[in-house]
Amino acid sequence: MRLFLTACLLLAAPLAHAGAREKLDAFSGGVQGLSAQFQQRVYDPEGRMTESSSGSVALKAPRQFRWEYTQPFPQLIVADGDHIWIHDPDLEQVNVRNQSYEEQVSPLAVLIDPAELDRQFKVADGGAGQGLEWLELTPRKPDDAPFERARLGFDAAGLATMEMHDGLGQRTEVRFTGWKRNPAFAAGTFAFTPPPGTDVVGEVSEGAEVIPLAE
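Quick caveat, the model's predicted, so the values are computed rather than measured.

Asks: So, the overall build of the protein: which residues are in play, and what are the values?
Replies: In terms of regular secondary structure, the protein is built from three helices and 12 strands. Put simply, 49% of the contacts in the protein that link residues at least 6 apart link residues at least 24 apart. Accessible area of the protein: about 10,600 Å², with a carbon and sulfur share of 50%.

Here you go:
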């Protein structure tokens with residue numbers, strides 16, 4: 001479940017009383033990149049926590065992201081605009097595949113391209129709860145999606161929580177902190193080259209550029 005990501009928004013105090021959709025629409029103007037820290041927890045159908053992890057996320061228009069787990073085990077997911085790279089250092093393995101499929105089933109793109117919201121999802125106002133304003137997202141192509149529905153919860157500062165519910169009753173909750181709007185990303189943030197000795201599973205399209213990550 002760690003693979004199925006998501007995403008995030010930063011909003012100013014004057015938007016505190018707006019609905020979740022209004023906050024998203026207001027935030028989208030002028031946003032070319034975002035970064036934040038996250039805490040992720042996975043719960044079984046009985047509500048018991050089965051997994052806890054943390055790390056950082058970075059997004060850049062139009063189609064790039066970096067999702068990095070640091071605790072309890074390192075794992076890196078990079079979308080370079082053409083491919084998704086998933087690196088597991090402990091297994092010394094990288095999985096790579098075309099990025100288009102990942103974008104079809106992820107709410108990630110709506111953070112820097114709100115037009116994707118209605119194209120990919122049926123959107124409903126989730127009302128208020130837990131001190132947040134909620135958007136309810138249902139994939140328009142449920143057979144291709146890794147979750148049945150998602151919820152995005154906004155507070156006065158922006159996207160605070162994302163929840164994803166799958167068909168087995170499992171819930172993944174991601175809480176975001178420390179949003180930065182249009183940060184200066186280091187060179188190589190959204191590029192990846194498999195380390196020497198790493199097994200690569202999948203194929204890279206002909207002509208795709210592979211750039212080492214910055215130190």
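Asks: Mind laying out the sheet that holds strand S1 (residues 33–43), listing which residues take part and the relevant values?
Replies: Paired through their backbone hydrogen bonds, the strands of a sheet run either parallel or antiparallel. Ordered by their spatial adjacency, 12 strands build an open sheet running S7-S8-S9-S10-S11-S1-S2-S3-S4-S5-S6-S12, and the pairing between neighbours is mixed. On the outer flanks of this sheet lie strand S7 (121–129) and strand S12 (199–201), each paired with one strand and no other. Taking each pair of neighbouring strands and ignoring which way they run, the sheet shows an average axis angle of 20 degrees. Looking at chain direction, S1 and strand S2 (residues 49–60) are connected through 11 bridges and run antiparallel. Among the inter-strand pairings, Ser-35 is bridged to a residue of S2, identified as Ala-58.

Asks: Give me the confidence of the model for the protein: which residues, what numbers.
Replies: Summary statistics for the protein give a mean pLDDT of 81 and a share of 81% for residues scoring 70 or more. Predicted confidence is poor over residues 1–17, with pLDDT under 50, and the contacts of this stretch with residues over four places away or in other chains come to 73 contacts. Overall, residues 207–215 carries pLDDT values under 50, and its contacts beyond four positions in sequence, including any with other chains, amount to 20 contacts.

Asks: Can you lay out the packing of aromatic side chains for me, pointing to particular residues and giving the numbers?
Replies: The final tally for this structure, using the stated rule, is eight aromatic pairs. Taking 5.5 Å as the distance between ring centres and 90 degrees as the angle between the ring planes, the aromatic pair formed by Phe-38 and Tyr-69 counts as edge-to-face. Here Phe-38, found in strand S1, pairs with Tyr-69, found in strand S3 (residues 64–71); they are 31 residues apart in sequence, far enough to count as distant. You'll find Phe-38 and Tyr-69 in the same group, each marked buried.

Asks: Please give an account of the environment of Tyr-43 that cites residues and values.
Replies: Inspection of the secondary structure assignment puts Tyr-43 in strand S1. Separated by 127 residues in sequence, Tyr-43 and Gln-170 have C-alpha atoms that sit 5.7 Å apart. Ignoring anything within four residues of it in the chain, the contact list for Tyr-43 reads Arg-48, Met-49, Thr-50, Gly-169, Gln-170, Arg-171 and Glu-173.

Asks: Let's hear about the pairing of strand S10 (residues 158–165): which residues, and what values?
Replies: Burial of S10 is extensive: eight of the eight residues sit out of reach of the surface. Both strand S9 (residues 149–155) and S10 contribute to a ladder of seven bridges, which runs antiparallel. When the sheet's bridge partners are listed, Arg-149 is paired in S10 with His-165. Hairpin connection, S9 to S10: the antiparallel pair is bridged by two residues. Sheet topology places S10 next to strand S11 (residues 171–181); five bridges connect them, and they run antiparallel. Of the residues in S11, the one forming a bridge with His-165 is Arg-171. In this antiparallel pair of consecutive strands, S10 and S11, the connection spans five residues, and Gly-169 shows a positive phi of 90 degrees.

Asks: Please give an account of the environment of Pro-45 that cites residues and values.
Replies: You can see Pro-45 is positioned in the loop between S1 and S2. As for Pro-45 and Gln-170, which are separated by 125 residues in sequence, their C-alpha atoms are 5.2 Å apart. Beyond its immediate sequence surroundings of up to four residues, Pro-45 is in contact with Leu-168, Gly-169 and Gln-170.

Asks: Explain the pattern of salt bridges to me, and be specific about the residues and the numbers.
Replies: Summed over all chains, the structure comprises 10 salt bridges. The partner of Asp-44 in a salt bridge is Arg-48, and the shortest N-O contact between them spans 3.0 Å. Overall, the relative accessible area of 13% leaves Asp-44 in the buried class. Between Arg-151 and Glu-163 there is a salt bridge, with its nearest N and O atoms 3.1 Å apart. Here Arg-151 is found in strand S9, whereas its partner Glu-163 is found in strand S10, with 12 residues between them in sequence. Summarising the burial analysis for this pair, Arg-151 and Glu-163 share the class buried. Here the salt bridges share partners, and the residues they tie into one network are Glu-136, Arg-149, Arg-151, Glu-163, Arg-171, Glu-173 and Arg-175.

How each quantity is defined
Residues numbered from 1 in each chain as written. Predicted model: local features only at pLDDT ≥ 70, side-chain atom pairs only at ≥ 80, totals over all residues. Heavy atoms only, no water. Helix = DSSP H or I, 4+ residues; strand = E, 2+ residues; numbered from the N terminus. Contact = heavy atoms within 4.5 Å. Areas by Shrake-Rupley, 256 points an atom, 1.4 Å probe, with all protein chains shown as cover. Pairing = 2+ DSSP bridges. Axes fitted to C-alpha atoms, helices over the stretch in contact; angles between N-to-C directions. pLDDT = per-residue confidence, 0-100. Phe/Tyr/Trp six-rings, centres within 6.5 Å; stacked < 30°, edge-to-face > 60°. Buried < 20%, exposed > 50% of the residue type's maximum accessible area, 1.4 Å probe, protein only. Salt bridge = Lys/Arg side-chain N within 4 Å of Asp/Glu carboxyl O.

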